[in-house]
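Close look at the chain arrangement
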Amino acid sequence: VKARAISIWLQADVETLAARVGRRDTRPLLREGDPAVILERLLETRQPAYAEADIHIDASADTHQATAEAILAALQARETDA
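Treat the numbers as computed from the prediction; the structure is a model and nothing was measured.

The subject of this paragraph is the overall build of the protein. Assigned secondary structure in the protein consists of 3 helices and 2 strands. Secondary structure of the protein in N-to-C order comes out as β-α-α-β-α. Structurally, the protein occupies a C-alpha span of about 45 × 25 × 20 Å along its principal axes. Residues counted as buried form 23% of the 82 residues belonging to the protein. Taken as a whole, the protein presents about 6,300 Å² of accessible surface, with 52% of it coming from carbon and sulfur.

Here it is in structure tokens:
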């Protein structure tokens, strides 16, 4: 991804993630137990790769609109710095 694009990590705490994914049953990995426990394990395993993202956005408490605005602001700041 780094060679061809700007990567963005939308970070959120496990409780927020569990609440969000609990709204629908579309996550096969989360069907085999407590979603919070599974998410914690997945995050622990994947966090080193996620941390390599070019941009990190805290998406825990904000609305979709606020998260989108934070992404746009980070992209604009990155463009300005370049």
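Next comes the rest of the account.
Attention shifts here to the pairing of strand β2 (residues 55-58). Side chains on a regular strand alternate between the two faces of the sheet. In β2, alternate side chains face the same way, and those of I55 and I57 are buried while those of H56 and D58 on the opposite face are not. Here strand β1 (residues 8-11) pairs with β2 via 4 bridges, running parallel. Bridge pairing links L10 to I57 in β2.

Attention shifts here to the nonpolar core. By size, the foremost hydrophobic cluster in this structure holds 10 residues: W9, V14, A18, V21, L30, I38, L39, L42, L43 and A53. Among the elements of the structure, α1 (14-21) and α2 (35-50) are those that each provide at least two residues to this core. The greatest single-element share of this core, amounting to 4 residues, is contributed by α2. A53 has contacts with K2, S7, I8 and W9, leaving out every residue within four places of it along the chain.

The rules behind each value
Residues numbered from 1 in each chain as written. Predicted model: local features only at pLDDT ≥ 70, side-chain atom pairs only at ≥ 80, totals over all residues. Heavy atoms only, no water. Helix = DSSP H or I, 4+ residues; strand = E, 2+ residues; numbered from the N terminus. Buried < 20%, exposed > 50% of the residue type's maximum accessible area, 1.4 Å probe, protein only. Areas by Shrake-Rupley, 256 points an atom, 1.4 Å probe, with all protein chains shown as cover. Pairing = 2+ DSSP bridges. Core = buried A, V, L, I, M, F, W, Y, C linked by side-chain atoms within 4.5 Å. Contact = heavy atoms within 4.5 Å.

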